[in-house]
Structures are given as structure tokens and as C-alpha cells.
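Single-letter residue listing:
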Amino acid sequence: MSAEIIDGKAFAAGLRERVGTHAGDFEAKAGRKAGLAVVLVGEDPASQVYVRSKGKQTVAAGMASFEHKLPADTSQSDLIAMVEQLNADPGVDGILVQLPLPDHLDEHTVISTISPDKDVDGFHVINAGRLAVGQSGFVPCTPLGCMMLLADRMGDLSGKDAVVIGRSNIVGKPMAQLLLDANATVTIAHSRTKDLPEVVRRADIVVAAVGRAEMVKAEWLKPGAVVIDVGINRLPPADGEDKGKLVGDVDFGGASEVAGAITPVPGGVGPMTIAVLLRNSLVAAYRNEGLDVPVDL
Ligand code: NAD
């Protein structure tokens, strides 16, 4: 059997297009563009790439992008003052503080300072709480993107057995909440789970968010399972390569012989994250202006 490949890149392009259309409508109704502010502290090269890409895609979707680059030695109080200034700015609908922050800054305090109504990453405890009790708020972009891919492929998830491997606050836990909300029967597996292959074998839906290259093997999967691979891992370079290959947490070659459908790495979950960030930012803009959020966002 050969799995259907879930094309996250194409799905993300469609979502960005819908965001672009609605961003134009929003501007016509509100008399201003929806705005996303991104704060980057320090010069981490991967973070610089992400921030640049977020800025470019925000502008391409017809929204305003505000980039604030602060030096690595920025104090906690200066960073908090910057977030408070963005909270008060009516042209800013979404605020994202790029993580990780330099060691001397306290991530939790900084994220808690972001207004929950502008917390488009969904990391504020108020938004985590809203997700836990089923109220609408902001859901972290990566798991929400995974959910969109699952809903598109499978429709109704009621009664499906889902296993989420990983329990981080930004992927595993919100992913499990979303699946529960969609009436799946959810198991959260993690580093202390006993007999992980046996747990995974029960699942109709497997979401792998571990950060270990090709850990999930074909033999672990129930035939026909839908596999969402969140992991992004770089293998050591092979002879003649200057950079190693990017792989997920699932052994894609083997798994695609057993699964019913599977996301590739790259080109699966990865492109969804920024597309959902744009979507969340536009939703924030509609809500901040007291306008109805379009149903297809
Ligand atoms: P994390 O390190 O915070 O969490 C990893 C989780 O995996 C932990 O909860 C841990 O309990 C579990 N784990 C570790 N070893 C395990 C094992 N042997 N068996 C079972 N569970 C184990 O990581 P994260 O931030 O949740 O990210 C997970 C992966 O997803 C990483 O590869 C990361 O790069 C990737 N990621 C991708 C995107 C994207 O846009 N595609 C976004 C966020 C994270």
C-alpha cells in the first residue's frame, strides 16, 4: 500500500490566498490594514530567518508588518515596555515575540504581558485556558495547522483513536486538546510512555511531535493510519553534502508503505505554521474591530 501524501505546502498556499482576500475586505471595512508585530531579541540565525519570512508573508497577504529588532542584551523591563507599547497600539492586531529569548529574559513573564486578544501565537495562559475549557481564543499555529490538514483529509474525527507523541505546551498539549474537542479518543504519549510502539499501533491518527529523527517506524503503525509528522530534524551531512537532510520524527520511507496518508518533511506541517499565524492575525483584527470573522478563515 502506498500512502496519500498530504500536501501541506499546497494547503498553506490556499489558506494564505483566503487570508489575502479577506485582508482586503478587512481593510475596506476597517479603513486600515490588519497588523502583525514581531519582536526579535538578539541575533539567533534561525530566528532571523523565521522573522524575515513572517514579515514577507504578512506583507504578501496584504497586512501590515511591524518588525522590532532589539539587541541581545535588552533588559527584561525594556522588552516588557515594548510589548506594552504594542498592546496599546490600535494598528497592531497581533503580537509575536520570537522564541527562544536570550537566557537572561523570562519567557513566561514576557508572554504573559502580551494582551490575550493580540496573542496570535496562542501561548498566553489565558488562551491555553480558553482552549482547555472550549472557549474561543487563539490556538498555537502549528497544532491548529495540523488540525486543518486532518479535517481536510478525514472530515469528522468523532470516535477516532488518536495518539499524540510529545506533550510540549506549543505542540503536543494543544494538539491533544484540539483532537479531544473534535471528539477523538486521545492518548498523549511522551518520553516516559511504556511500549510506545504498542500505543501507536492502536491509532487511526498519529501526530508525532518529538524532535527525534525518524523515530516512529512503519511497524508501529496500524495499516491505513493518518500520520502527521511535526518533527523537523537535520541529519548529519552525508559525504559531499555541506548540510544534512531535513527529516521528520517518522521514518517516511517505511511509514508511507503502511499509512493511509502522511505529511512529508519538508512540505507537510512546516508551511502551515506561518499560514496559520497570518490567519490568526487577521482573526485578531476582525475581533479587535468588533467585526464578524469570515467562516472560511
Ligand atoms: P519539545 O522538545 O518541547 O517536546 C518534545 C516532546 O517529545 C516532549 O514532550 C517529550 O516528552 C517527548 N519525547 C521526547 N523523547 C521521547 C521519546 N523517546 N518517546 C516519546 N516521547 C518523547 O519539542 P516541541 O517544541 O514540541 O517540538 C517537537 C518537534 O516538532 C521538534 O522537532 C520541532 O522542531 C518540531 N516543530 C515543528 C514546527 C513546525 O512548524 N513544523 C513547530 C514547532 C515544533
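I will try to describe carefully the structure that is included in this document. (Residues numbered from 1 in each chain as written. Predicted model: local features only at pLDDT ≥ 70, side-chain atom pairs only at ≥ 80, totals over all residues. Heavy atoms only, no water.)

### Here's the deal with the packing of helix α6 (residues 141-154) against helix α7 (residues 172-181)
Next, step 1: Between α6 and α7, the least distance of the axes is 9 Å, while the angle of their chain directions is 35°. Considering only the axes of α6 and α7, their crossing is right-handed. Note on element contacts: α7 touches α6 through P174, M175, L178 and L179, opposite P143, L144, C146, M147 and L150.
Next, step 2: Classifying every residue of the contact of α6 with α7 gives nine nonpolar, no polar and no charged. (Axes fitted to C-alpha atoms, helices over the stretch in contact; angles between N-to-C directions. Helix = DSSP H or I, 4+ residues; strand = E, 2+ residues; numbered from the N terminus. Left-handed = near helix turned anticlockwise from the far one by under 90°. Contact = heavy atoms within 4.5 Å. Nonpolar A, V, L, I, M, F, W, Y, C, P; charged D, E, K, R; others polar.)

### Quick notes on the packing of α6 against helix α10 (residues 270-288)
Next, step 1: Remark: α6 packs on α10, axes separated minimally by 8 Å, with the N-to-C direction vectors making an angle of 100°. Classified by the angle their axes make, α6 and α10 are roughly perpendicular. On the side of α6, the interface is formed by C141, T142, L144, G145, M148 and L149, while α10 contributes M272, T273, V276, L277, R279 and N280.
Next, step 2: Its residues placed into classes, the contact of α6 with α10 shows seven nonpolar, four polar and one charged. (Parallel < 35°, antiparallel > 145°, perpendicular 65-115°, else oblique.)

### A few points about helix α2 (residues 45-60)
Next, step 1: Here α2 contains 16 residues, and its C-alpha end-to-end distance of 23 Å stays within 8% of the 22 Å for a straight helix at 1.5 Å per residue.
Next, step 2: At its buried positions, α2 is contacted by β2 (35-41), β3 (64-70), β4 (94-97) and α10.
Next, step 3: One or two residues past the end of α2 sits G62, with phi positive at roughly 85°. (Expected span 1.5 Å × (residues − 1).)

### Regarding unusual backbone geometry
Next, step 1: Residue P100 is reached from L99 by a cis peptide bond, and omega for that bond is 0°.
Next, step 2: Within the fold, P100 resides in the loop between β4 and α4 (107-113).
Next, step 3: The backbone phi angle of N183 is positive, close to 70°, even though this residue is not glycine.
Next, step 4: Tracing the sequence through the fold places N183 in the loop between α7 and β6 (185-189).

### Quick word on the environment of M147
Next, step 1: Here M147 lies in helix α6.
Next, step 2: According to the relative accessible area criterion, M147 is buried, its value standing at 12%.
Next, step 3: In the structure, M147 is positioned 60 residues away from V207 in sequence and 10.0 Å away in space, judged by C-alpha atoms.
Next, step 4: Not counting residues within four places of it along the chain, the set of residues in contact with M147 comprises L157, M175, L178, L179 and A182. (Buried < 20%, exposed > 50% of the residue type's maximum accessible area, 1.4 Å probe, protein only.)

### Description of the pattern of salt bridges
Next, step 1: In total, this model carries eight salt bridges according to the counting rule given.
Next, step 2: When salt bridges with common partners are traced through the structure, they connect R32, D93 and E289 into a single cluster. (Salt bridge = Lys/Arg side-chain N within 4 Å of Asp/Glu carboxyl O.)

### Things to note about the packing of aromatic side chains
Next, step 1: Taken as a whole, this structure holds one aromatic pair when the rule is applied.
Next, step 2: Judged by centre distance (5.3 Å) and plane angle (65°), the ring pair of F26 and Y286 falls under edge-to-face. Taken together, the positions of F26 in helix α1 (residues 8-30) and Y286 in helix α10 put the pair 260 residues apart, joining distant regions of the chain. Like Y286, F26 is buried.
Next, step 3: Lying across the ring of F138, R287 places its NZ or CZ 4.9 Å from the centre. (Phe/Tyr/Trp six-rings, centres within 6.5 Å; stacked < 30°, edge-to-face > 60°. Lys NZ or Arg CZ within 6 Å of the ring centre and 35° of its normal.)

### Points about the pairing of β3
Next, step 1: As judged from the seven bridges shared by β2 and β3, these two strands associate in the parallel manner. When the sheet's bridge partners are listed, L40 is paired in β3 with K69.
Next, step 2: The handedness of the β2 to β3 crossover, carried by α2, is right-handed. (Pairing = 2+ DSSP bridges. Right-handed = clockwise from strand over helix to strand, strands pointing away.)

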